[in-house]
Amino acid sequence: MSGDEGTPAQGAGVDKGTSAQGADVDKGTPAQGAGTEQPILRARGIKKYFDQSDGMLDRLLGTDSTVKAVDGVDLDIAEGETLAVVGESGCGKSTLGQTLLNLHTPTDGSVEFRGEELAGLSDRKMRPYRRKIQMIFQDPLASLNPRQTVGDIVTAPMEVHDIGDSEEDRLERAEQLLDRVGLKPAHIDRYPGQFSGGQQQRVGIARALAVEPELIVADEPVSALDVSVQAQILELLEELQDELGLSLLFITHDLSVVHQVADRVAVMYLGEIVETGPVGAMFDDPRHPYTKSLLSAVPRIDPSARQDRILLEGTVPSPISPPEGCRFHTRCPAVIPNDDWDADQQAFRRAFTFRNRVEAGKLDPKAVRARLEAETGGADTEAVAERLVDDALPGDTEELPAAAREAIKQAAEQVAAGDEEAATETVQAAFPSPCVGEVPRTVEPGPNRTAACHRVDPEREYDSLL
C-alpha cells in the first residue's frame, strides 16, 4: 500500500502568503466581521455535562461526579467562514462539536442553524438538518465501515436523504466525489483497509460532501496523519470550501495548522471559551495568558517572530471539579497578586504555586518523613516541613517577602503535623488573588475580539499581560 495519492495541486508546498511564518495574513473579510450578518450557526450558553456516578454508593454519599465537559459556550460561525476551536486535549473541543450537531443532547443552552433551534431535537426532527450539517471525524479508519466498499460508504448518505434517481446515479455521483477529493473513480470498489490514512480521510470527506452540506464540523481531521499528508488534506479542505461555499468548524489542538485554514480562532480551556478573534490578530497579539502560552509553542520560520516558550506548571484540573473564579488560575503565569503584594509577578507566581499544591493535597509528608528517616535516621516536624518546602519550591526563596516566607513555613509545618485544613487556610489568607474568587467577564479588547481575563478587563484596571 503506497502513500497518499492526492493530486500535485493538493500537495504540501502551498501556503497562503506568509501565514505559515507569522501572523500578517488573514484569509479575507469573514475573519473581520463574523457578526455583521446572521451567522449560519449560533450557540448561546451551551453546556454538556456527563454523569460519571458509578452506582448506588455515589448516590448515597452525594458524591458529585458530573463532568462539565462544555460549560457555557457562546459561538457564532459566519457564512463561508472557517472557525478554528483550539485547546489542549481534554478541554471539551470534540464534545462541543458533537453537541452543536446534537449528537450529544445539550444539558443547557441554545443552538440555532440559520435561525432554527436544534438543541434537543429528536433524531427524526434532526434528519433534515443532518443533510445541511456534516462531520469529518478524527480517526478516518475508525469512522469507516471496514466491511463496506467505498461506493457503499459514499452512497449511503445519499440513500438516507433521497439524493439521486437510482443506484446507478448515486454511484456516478460517488465516483465524481472521489475524483473531487483526489482519489480515482476506480477506487469505488475498494475497502477502507486498502487505503493509506490520508486516502481514508479523503473518503471520509467525500462521504461528508455526498449530501451537499452547508456546514462541516471537522474534528481533528489531520491529527492521525503524517505531516506531509496533513498539508494535503488541509489544502483539499480549503479548495473545497472555496469551490462549494462551505462553512467550516475546524477542531484542533495544533495551532501550527490553524493559520493555514482559519479565518477566526476560538481558544477553549476546561469547557469554556477564553478568547476569540481573527486569526492574524490572535497570532500577533494574544490577550489571554493561555492563548499566549499555546502560541509560544508554535514553531516560526522567521526568527524575529519566535517567542520565548511559556511552560505551564501543573496539570489541567479535572472537569468534575473545575477551579473557582478563573479556571486557568491554577496554571496561569500572570495570575494577579493581591494589592498588598510587595514583590514582582514571578515571585507571586512561585508563592501562589505553593498555595495551589497545598490546596490540591500535593504535599506528601509521609513520603518525605520516610525519606528523611532513611537518610538521617530521624525526622521531626520541622525537618519534614523544611523538606516539603524544598520539594514544592526548589531553589532560592529569598526573593519572596518575609511575610510570604513565614506563611509558607507555617503551612508546611501544618501539613507535616497532619493538619491540611489549617494549612489550606494559611495559604489562602497569605496569597489571595482576584483570579480565584471572581469569574472574569468576557470583554472586547479589540475589533471582533473577545477575552475572558481580569487583566484585559478595562474595569479592573490591572496591568497588561506580562
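The structure we're discussing is the one just above.
Here the structure is a predicted model, which means the values were calculated and not measured.

Chemist: Would you mind showing me how to read the pairing of strand E3 (residues 82-86) here?
Modeler: Most of E3 sits out of view: 5 of its 5 residues are buried. With burial as the criterion, each face of E3 is covered, one bearing Thr-82, Ala-84 and Val-86 and the other bearing Leu-83 and Val-85. Direction of pairing for E3 relative to strand E8 (residues 247-252): parallel, over a ladder of 5 bridges. Directly across from Thr-82, in E8, lies its bridge partner Leu-248. As paired strands, E3 and strand E9 (residues 264-269) are joined by 4 bridges and run parallel to one another. When the sheet's bridge partners are listed, Leu-83 is paired in E9 with Arg-264.

Chemist: Which parts of the structure should I look at to understand the sheet that holds E3?
Modeler: An order of E6-E7-E8-E3-E9-E10-E12-E11 is seen for the 8 strands of this open sheet, with the pairing classed as mixed. With one partner strand each, in any of the chains shown, strand E6 (133-136) and strand E11 (442-443) form the two edges of the open sheet. Examined bridge by bridge, E9 and strand E10 (residues 272-278) share 6 bridges and lie antiparallel to one another. When the sheet's bridge partners are listed, Arg-264 is paired in E10 with Pro-278. In the packing of helix H2 (residues 93-100) onto the sheet, contacts are made with E3, E6, strand E7 (215-219), E8 and E9, and the angle to E8 comes to roughly 150°.

Chemist: Teacher, can you tell me more about the packing of aromatic side chains here?
Modeler: Centre-to-centre distance and the angle between the planes together describe a pair of aromatic rings. Per the counting criterion, the structure on display carries 7 aromatic pairs. Here Trp-341 and Phe-348 contribute two aromatic rings whose centre-to-centre distance is 5.2 Å and whose plane-to-plane angle is 75°, an arrangement assigned as edge-to-face. In this structure, Trp-341 and Phe-348 share a single accessibility class: buried. By way of ring pairs, the aromatic residues Trp-341, Phe-348, Phe-352 and Phe-431 are connected into one cluster. A cation sits over an aromatic face here: Lys-48 above Phe-50, 5.2 Å from the ring centre. Lying over the aromatic face of Tyr-49, Lys-68 brings its terminal NZ or CZ to 5.7 Å of the ring centre.

Chemist: Would you explain helix H5 (residues 167-180) in this entry?
Modeler: Since the α-helix turns once every 3.6 residues, residues separated by three or four places project in the same direction. Spanning 14 residues, H5 covers 20 Å between terminal C-alpha atoms, matching the ideal 20 Å at 1.5 Å per step. Those residues of H5 lying buried are Asp-169, Arg-170, Ala-174, Leu-177 and Leu-178. Those residues of H5 that are buried lie in contact with helix H4 (150-160) and helix H6 (197-209). One or two positions beyond H5, positive phi appears at Gly-182, with a value near 90°.

Chemist: Got a minute to help me understand the side chain of Arg-264 in this structure?
Modeler: Along the chain, Arg-264 falls in strand E9. Separated by 2.5 Å, the side chains of Arg-264 and Glu-81 make a polar contact.

Chemist: Help me understand a negative patch on the surface in this model?
Modeler: A surface patch of negative charge is lined by Asp-152, Glu-159, Glu-167, Glu-168, Glu-172, Glu-175 and Asp-189. Residue placement: Glu-167 occurs in helix H5.

Chemist: What is the right way to read helix H7 (residues 227-244) from this model?
Modeler: The terminal C-alpha atoms of H7, which comprises 18 residues, lie 26 Å apart, in line with the 26 Å expected from a rise of 1.5 Å per residue. Within the span of H7, buried status applies to Val-229, Gln-230, Ala-231, Gln-232, Ile-233, Leu-234, Glu-235, Leu-236, Leu-237, Glu-238, Leu-240 and Gln-241. Gly-245 sits one or two positions beyond H7 and adopts a positive phi of about 70°.

Chemist: Sorry, what's going on with the environment of Arg-355 here?
Modeler: Residue position: Arg-355 is located in helix H11 (residues 345-359). The spacing of Arg-355 and Ala-392 is 37 residues in sequence and 9.9 Å in space, taken between C-alpha atoms. Other than its neighbours up to four places away in sequence, Arg-355 contacts Val-427, Gln-428, Phe-431, Pro-432, Ser-433 and Val-436. Separated by 2.8 Å, the side chain of Arg-355 and the backbone oxygen of Phe-431 make a polar contact.

Chemist: Would you take a moment to explain the packing of helix H14 (residues 402-416) against helix H15 (residues 420-430) for this structure?
Modeler: Each packed pair of helices is defined by two parameters, the angle between the axes and the distance between the axes. Where H14 meets H15, the closest approach of the two axes is 7 Å, and the angle between their N-to-C directions is 165°. As judged from the angle between their axes, H14 and H15 are roughly antiparallel. Classified by chirality, the crossing of H15 by H14 is left-handed. Every residue of H15 that contacts H14 at Ala-407, Gln-410, Ala-411, Gln-414 and Val-415 is listed here: Glu-420, Ala-422, Ala-423, Thr-426, Val-427 and Ala-430. Its residues assigned to classes, the contact of H14 with H15 comprises 7 nonpolar, 3 polar and 1 charged.

Calculation rules
- Residues numbered from 1 in each chain as written.
- Predicted model: local features only at pLDDT ≥ 70, side-chain atom pairs only at ≥ 80, totals over all residues.
- Heavy atoms only, no water.
- Buried < 20%, exposed > 50% of the residue type's maximum accessible area, 1.4 Å probe, protein only.
- Helix = DSSP H or I, 4+ residues; strand = E, 2+ residues; numbered from the N terminus.
- Pairing = 2+ DSSP bridges.
- Contact = heavy atoms within 4.5 Å.
- Axes fitted to C-alpha atoms, helices over the stretch in contact; angles between N-to-C directions.
- Phe/Tyr/Trp six-rings, centres within 6.5 Å; stacked < 30°, edge-to-face > 60°.
- Lys NZ or Arg CZ within 6 Å of the ring centre and 35° of its normal.
- Expected span 1.5 Å × (residues − 1).
- Polar contact = N/O pair within 3.5 Å; in protein donor to acceptor, adjacent residues only side chain to side chain.
- Patch = residues over 30% accessible without salt bridge, like charges linked within 9 Å, V, L, I, M, F, W, Y side chains within 5 Å.
- Areas by Shrake-Rupley, 256 points an atom, 1.4 Å probe, with all protein chains shown as cover.
- Salt bridge = Lys/Arg side-chain N within 4 Å of Asp/Glu carboxyl O.
- Lys, Arg positive; Asp, Glu negative; His and termini not counted.
- Charge placed at Lys NZ, Arg CZ, Asp CG, Glu CD.
- Parallel < 35°, antiparallel > 145°, perpendicular 65-115°, else oblique.
- Left-handed = near helix turned anticlockwise from the far one by under 90°.
- Nonpolar A, V, L, I, M, F, W, Y, C, P; charged D, E, K, R; others polar.

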